[in-house]
Amino acid sequence: MRPSILRIAFVAVAFACGAAVLPSMAANLVTKATDLAPLQLSAGKAFPKEPIMLEAGKYYRWKIESDGSSEMAIAAPEFFRFIWINEVVINDIEVRPLGLHSIEFDDAGAAVISFVPIRPGEFEYFMPNSGDAYRGKIVVK
């Protein structure tokens, strides 16, 4: 009988703590997102060497643009696995996916990802089947 009371008390405390945190998390989503530097995809143009620095729980918007000089893609499977995606906007069409693995451009265009990182760590983004010039790092604190 005593373990049941302890379990109920634990659940009640966890719920009370979680309920106090939810309003502050929601505030991040109703405020304006922080715009990250756009990532330019262009044949022969390397990815930036400086890491993208993010903070877990903050709301960001990242624009990825292709000039259409070649078929190009960006993949970030580990990073995309540990973010909550609000939306991806492609040609003024809003998509609300459950997750991403990569984004590929056959022609010139742009995609804007609105997201919240949920897990700290260091993550890689890269162009599949390309060399080290097409690799970048995202650091989530």
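Calculation notes
Residues numbered from 1 in each chain as written. Predicted model: local features only at pLDDT ≥ 70, side-chain atom pairs only at ≥ 80, totals over all residues. Heavy atoms only, no water. Phe/Tyr/Trp six-rings, centres within 6.5 Å; stacked < 30°, edge-to-face > 60°. Lys NZ or Arg CZ within 6 Å of the ring centre and 35° of its normal. Helix = DSSP H or I, 4+ residues; strand = E, 2+ residues; numbered from the N terminus. Buried < 20%, exposed > 50% of the residue type's maximum accessible area, 1.4 Å probe, protein only. Salt bridge = Lys/Arg side-chain N within 4 Å of Asp/Glu carboxyl O. Contact = heavy atoms within 4.5 Å.

K.L.:
Where do I start with the packing of aromatic side chains in this structure?
P.N.:
One pair of aromatic rings is described through two measures. These are the centre distance and the angle between the planes. Scanning all chains against the criterion turns up eight aromatic pairs. Aromatic rings pair up to connect Tyr60, Phe79, Phe80, Phe82, Phe115 and Phe123 into one cluster. Lying across the ring of Phe82, Arg119 places its NZ or CZ 4.4 Å from the centre.

K.L.:
Explain unusual backbone geometry to me, please; I cannot follow it from the model alone.
P.N.:
One can expect most non-glycine residues to show negative phi and most peptide bonds to be in trans. Of note, Asn91 is a non-glycine position whose phi angle comes to about 50 degrees, a positive value. Its location among the elements puts Asn91 in the loop between β6 (83-90) and β7 (93-95). One non-glycine residue with positive phi stands out, namely Asp92, at about 65 degrees. Looking at Asp92, the relative accessible area reads 76%, which means it is exposed.

K.L.:
How do you make sense of the pattern of salt bridges when you look at a structure like this?
P.N.:
Side chains that carry opposite charge are capable of pairing whenever their charged atoms lie near each other. Considering all chains together, one arrives at nine salt bridges under this definition. Put simply, Glu65 and Lys63 hold a salt bridge, and the shortest N to O gap is 3.4 Å.

K.L.:
What should I look at first to understand the environment of Pro38 in this one?
P.N.:
Here Pro38 shows up in the loop between β1 (34-35) and β2 (39-41). The partly exposed category is assigned to Pro38, whose relative accessible area is 42%. Considering only alpha carbons, one finds Pro38 and Glu65, 27 residues apart in sequence, at a separation of 7.1 Å. Once residues lying within four places of it in the same chain are set aside, the contact partners of Pro38 are Lys63 and Glu65.

K.L.:
I'm lost on the environment of Pro120 in this one. Help?
P.N.:
Topologically, Pro120 is positioned in the loop between β9 (109-117) and β10 (121-126). Among the residues examined, Pro120 registers a relative accessible area of 47% and is labelled partly exposed. Taking the C-alpha atoms as reference points, Pro120 and Ala56, 64 residues apart in sequence, are found 6.1 Å from one another. In contact with Pro120, other than residues within four places in its own chain, are Ala56, Val140 and Lys141.

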